[in-house]
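Coordinates in review
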Amino acid sequence: MQGTEAARRALMASGLASFVLLGLAQAIFGPALPVYQHQFGLDTAQAGWLISSFWVGCFSGVVGMFLAAGRAGPRPGLAASVIGAAIMGLAPWWPLVLLGGLIFGGGYGSLAAVFNPRILSAYGPRGGAMMSLLNAIFSFGAIAAPLVFLALGSEPRPTFLVFAAFGAVIWLASGAVSRDAVGATTERTGYRLHWPMLLFGMLAIGMEAALVSLGPTALIRAGVAAGEASQLLSIFYVSYLVARLVLVFVADRIPAFSVYVAAMAFTVICALGALFISPAWFFPPMGISASLFFHGFFVTATRKMGSDARVPPVIIGSGLIGAIILPLLCAQLIGLMGDRGFFWLILFWASAVTLASAGALPRMNR
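Counting of residues starts from 1 at the beginning of each chain's written sequence and follows it residue by residue. It should be noted that, the model being predicted, local features are given only for residues of pLDDT at least 70 and side-chain atom pairs only at 80 or more, the latter also being counted only at that level, while totals for whole chains, interfaces and linings use all residues. The side-chain numbers reported here are obtained from all heavy atoms of the structure, hydrogens and water having been left aside.

**Concerning the overall build of the protein chain**
A helix here means a DSSP run of H or I that spans at least four residues, while a strand means a run of E at least two residues long, and both kinds are numbered starting from the N terminus. Counting its secondary structure elements, the protein chain contains 13 helices and zero strands. When the helices and strands of the protein chain are read in sequence order from the N terminus, they spell out α-α-α-α-α-α-α-α-α-α-α-α-α. Radius of gyration means the value over C-alpha atoms here, while the globule rule gives 2.2 Å times the residue count to the 0.38 power. Computed over C-alpha atoms, the radius of gyration of the protein chain comes to 19 Å, within 12% of the 21 Å expected from 2.2 N^0.38 for 366 residues, which places it in the range of a compact globule. Seen along its three principal axes, the alpha-carbon backbone of the protein chain occupies a region of about 55 × 50 × 30 Å. Working definition: with a 1.4 Å probe on protein chains only, accessible area under 20% of the residue-type maximum means buried, over 50% means exposed, and in between means partly exposed. Here the protein chain holds 366 residues, and 59% of them are scored as buried. Here, residues are in contact when the closest pair of their heavy atoms is within 4.5 Å. Considering only residue pairs separated by 6 or more positions, the protein chain has 85% of its internal contacts joining residues 24 or more positions apart.

**As for the state of the cysteines**
Cysteine sulfur atoms are paired as a disulfide whenever they fall within 2.5 Å. Going through the model one piece at a time under the given rule, you end up with zero disulfides. Looking at the unpaired C58, the closest cysteine sulfur is the one in C330, lying at 17 Å. Given the relative accessible area of 0%, C58 is considered buried. No disulfide involves C330; its sulfur sits 17 Å from that of C270, the nearest cysteine. Taking relative accessible area as the criterion, C330 reaches 5% and is therefore assigned buried.

**Side note on the nonpolar core**
Residues W55, F236, Y237, Y260, M286, F342 and F343 are the most contacted members of the largest nonpolar core, which totals 123 residues. Here the element with the most residues in this core is helix α1 (residues 5–40); it accounts for 15 residues. Every residue in contact with W55, bar those within four places of it in the chain, is listed here: Q26, Y108, A209, L320, A323 and I324. Residues belong to one nonpolar core when they are buried, are Ala, Val, Leu, Ile, Met, Phe, Trp, Tyr or Cys, and are joined through side-chain atoms within 4.5 Å.

**What to know about unusual backbone geometry**
We note that S154 has phi near 55°; this positive angle belongs to a residue other than glycine. Mapped onto the elements of the fold, S154 is located in the loop between α5 (127–151) and α6 (156–173).

**Points about the environment of R9**
Mapped onto the secondary structure, R9 falls in helix α1. Distance in space between the C-alpha atoms of R9 and V177 is 9.9 Å, their sequence separation being 168 residues.

**Looking at the packing of helix α12 (residues 311–334) against helix α13 (residues 341–364)**
Here the axes come from fitting lines to C-alpha atoms, over the contacting stretch only for helices, and the angles between their N-to-C directions go from 0 to 180 degrees. Put simply, α12 and α13 touch, their axes get as near as 9 Å, and they point 135° apart. Taken together, the axes of α12 and α13 are oblique relative to one another. Crossing handedness for the pair α12 and α13: right-handed. Where α12 abuts α13, its residues L326, C330, L333 and I334 lie against G341, F342, L345 and W349. Amino acids outside the nonpolar list (Ala, Val, Leu, Ile, Met, Phe, Trp, Tyr, Cys, Pro) and the charged list (Asp, Glu, Lys, Arg) are all regarded as polar, and Gly is one of them. Residues that form the contact of α12 with α13 fall into these classes: seven nonpolar, one polar and no charged. Should an angle lie under 35 degrees it is considered roughly parallel, over 145 roughly antiparallel, and from 65 to 115 roughly perpendicular; all remaining angles are considered oblique. Left-handed is the label given to a crossing in which the near helix is rotated counterclockwise from the far helix by less than a right angle, and right-handed is the label when the rotation is clockwise.

**What to know about the packing of α5 against helix α8 (residues 226–250)**
The N-to-C vectors of α5 and α8 enclose an angle of 165°; their axes lie 8 Å apart at closest approach. The angle between α5 and α8 places the two elements in the roughly antiparallel class. Considering only the axes of α5 and α8, their crossing is left-handed. For the contact of α5 with α8, the class distribution of residues is 19 nonpolar, seven polar and one charged.

**Concerning α6**
Here the expected length of a helix is defined as 1.5 Å per residue gap, with one fewer gap than residues. Taking 1.5 Å per residue, 18 residues should reach 26 Å; α6 reaches 26 Å between its end C-alpha atoms and fits that length. Elements in contact with the buried residues of α6: α1, α3 (75–90), α4 (94–122) and α5.

Dropping the structure here:
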């Protein structure tokens, strides 16, 4: 079945279902974090370790894919996602919640490193657009996560058990996507580390992780009710989805790094609106920016660094370093700042990256 249309359909079907799971995973921590703070008597800085635990797990999963160099399929990542979510759903103690988050993250990182490069490779000239479609479907899970959480009484434990059951169904249905499926490569031709692009990716993915994991907490600190903050996170992901769907049709026509610069500049505008007008109005549109960061980063870095099978894990891993470190730093700092301190941090961060990336635009698009 290698290389056939049927193989591509099987790969895409498994990828789409898996990316719904990834969307659920990324979006659930925002509404769950305030609940964990209450249940375990934690402050924001202590609860923020769950975010870092999840992203450390993601980084570990990507390291595993780097060592496998294209030889692993999606099932190991799906198994880790199921186990991690089940532990979080059953854990009575905070350390076990952190362990579950670590394992859940390992599955997330593995799946991202399997599907993004395979879809990009399997569809040839249409690869960028199809990868955008894959990541757009991620948004459905991200939109659903806060709504599922609210429907289950704003309780993290049953929510994670539902996620574990969903992951188990995907694992059962993904047997046709082997480690040697269409789009897989074990090529070892060497790669060129492009440090500026990796740094831009680290900063952008770190910002995306901070927005989705700390955004609801920041809204609550600014006076928004907890239930409304969860709903605003869903609207954030509606914006995310709309931008990703538009990207499907224009991804092959606009240079990827130009998309990156525009997304970062739009974040600056939204942060200013959140600070001086209303966080509730201007947090949801930040989903547009967050949805574009990965495309601008991953496509540009892939073009700059080559086709070696180890390139995608290196690219994704650099972004995950940002996702591990930067939300944790934000969690430590916002407790020391005012009610809208989080949005001041985003404004400073996005402004600096916008200026730097705009200066680098000509050489990044070459």
